[in-house]
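Report on the structure
Here is what each chain is made of, one letter per residue.
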Amino acid sequence: MERLTPVEQKAPGAWQIGTVTRVKEETPRVKSFLIELPMWMAHLPGQHYDVRLTAPDGYQAQRSYSVASSPLDEGEIELTIDRLDDGEVSPYFHEVVVEGDQVEIRGPFASYFVWRGESPALLIGGGSGVVPLMAMLRHRRRTMPELPMALVYSVRAAEDVIYEDELGEETTLTFTREPPADWTGHTGRIDAELIRSAGLADGMVFVCGTNGFVESAVELVLAEGVNPRQVRTERFGPSG
Ligand SMILES: Cc1cc2nc3c(=O)[nH]c(=O)nc-3n(C[C@H](O)[C@H](O)[C@H](O)COP(=O)(O)OP(=O)(O)OC[C@H]3O[C@@H](n4cnc5c(N)ncnc54)[C@H](O)[C@@H]3O)c2cc1C
């Protein structure tokens, strides 16, 4: 189909040295990093890269981060990283990495949790689980804005909303702990009513977040009668 962005699936690239060209503070504990890649290749929305840190003594730590940007942004990718205070890699990005720095990176990976533009989609994200969903949302806006896509996004508090300026009419937010002072929308965990009101797309359902979040969201979606084959999940870490 002409309208779909032609993103071929290739073998992921080798390790390469990317350059951080911009650092954006999204929330008090989340930053986005725009990274220029010398061996860039188009990704599918939903795919991730691996980042590798090497200490002076040779010790290495490697973690996966979803691409937040559209593959139409040639030559660069955006990664959005939630800081875990007791973590190895995420605090390094938050405390050490600044514009102009170089990072070792490899990707894009994954062929399952990807949206190829083939169908409408319901996106359900918890916390930083919104990152790969944002790649889908951004890409859909730029390539096929008429295709139905809804995002249900659960955050803890007003200050935790990532990509706040970009959330449009397709997004339903719910605050599980502290909503903004003047908030009249949803509060509490995602429930069946919230999923129904977002409109169960006649297409794919993508769910991303912690294990616990993914499990309960998938249970709700399946209880609505969605075929399990239409549901794709990505888990970012231990339950929480
Ligand atoms: C496919 C994939 C895509 C991912 N995309 C993103 C992304 O876009 N943005 C992002 O911020 N993270 C993402 N993650 C999570 C990321 O890979 C790391 O696990 C995370 O940044 C923690 O790494 P760390 O080295 O800081 O902490 P670690 O040193 O690995 O862990 C520190 C402590 O935190 C716990 N922990 C680890 N991960 C989590 C978590 N996600 N939530 C709560 N506790 C945790 C560990 O059990 C440990 O106790 C993704 C993971 C996968 C598998």
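In this report, the structure presented in the accompanying data block is examined. (Residues numbered from 1 in each chain as written. Predicted model: local features only at pLDDT ≥ 70, side-chain atom pairs only at ≥ 80, totals over all residues. Heavy atoms only, no water.)

**Topic: the environment of E193**
Let me state the cut-off plainly: Going along the chain from the N terminus, every DSSP run of H or I of four or more residues is numbered as a helix, and every run of E of two or more is numbered as a strand. For every residue, the accessible area obtained with a 1.4 Å probe (protein chains only) is divided by the maximum for its type, and the residue is called buried under 20%, exposed over 50%, and partly exposed between those limits.
Examined against the element boundaries, E193 turns out to sit in helix α3 (residues 192–198). E193 sits in the exposed class, given a relative accessible area of 56%. Each C-alpha atom of the pair E193 and E26 lies 29 Å from the other, and the pair is 167 residues apart in sequence.

**What to know about the site of the ligand**
Filter applied, for reference: A molecule or strand has a residue near it when one of that residue's heavy atoms lies within 4 Å. Polar contact is the term for a pair of N or O atoms within 3.5 Å; when the atoms are in protein, one must be able to donate a hydrogen and the other to accept it, and sequence-neighboring residues count only if both atoms are side-chain atoms. Computed with the Shrake-Rupley method and a 1.4 Å probe, the accessible areas treat only the protein chains shown as cover for residues. For this classification, the nonpolar set comprises Ala, Val, Leu, Ile, Met, Phe, Trp, Tyr, Cys and Pro, the charged set comprises Asp, Glu, Lys and Arg, and every other residue, Gly included, is treated as polar.
Within the structure, the ligand sits among 21 residues, and R63, S64, Y65, V89 and S90 are positioned closest to it. Within the contact set of the ligand, an oxygen atom lies 3.0 Å away from a backbone nitrogen or oxygen of E88. Isolated, the ligand exposes 910 Å² of accessible area, and the fraction of that covered by the protein chains is 75%. Those elements that provide at least two residues to the shell around the ligand are β4 (60–66), β5 (76–82), α1 (89–95) and β12 (231–235). Top contributing element to the shell around the ligand by residue count: β4, with four residues. Residue classes in the shell around the ligand are distributed as eight nonpolar, seven polar and six charged.

**Observations regarding helix α2 (residues 130–143)**
We count it as follows: Helices are assigned an expected span. That span is 1.5 Å times one less than the residue count. We call two residues in contact whenever any of their non-hydrogen atoms come within 4.5 Å of each other.
Along its 14 residues, α2 runs 20 Å from first to last C-alpha, staying within 8% of the 20 Å computed at 1.5 Å per residue. In terms of burial, α2 is a largely internal element, twelve of the 14 residues being buried. Turning to α2, its buried residues number three or more, namely V130, V131, P132, L133, M134, A135, M136, L137, R138, H139, R140 and T143. Where the residues of α2 are buried, they touch β4, β5, β7 (121–126), β8 (149–157), β9 (171–178) and β11 (204–209).

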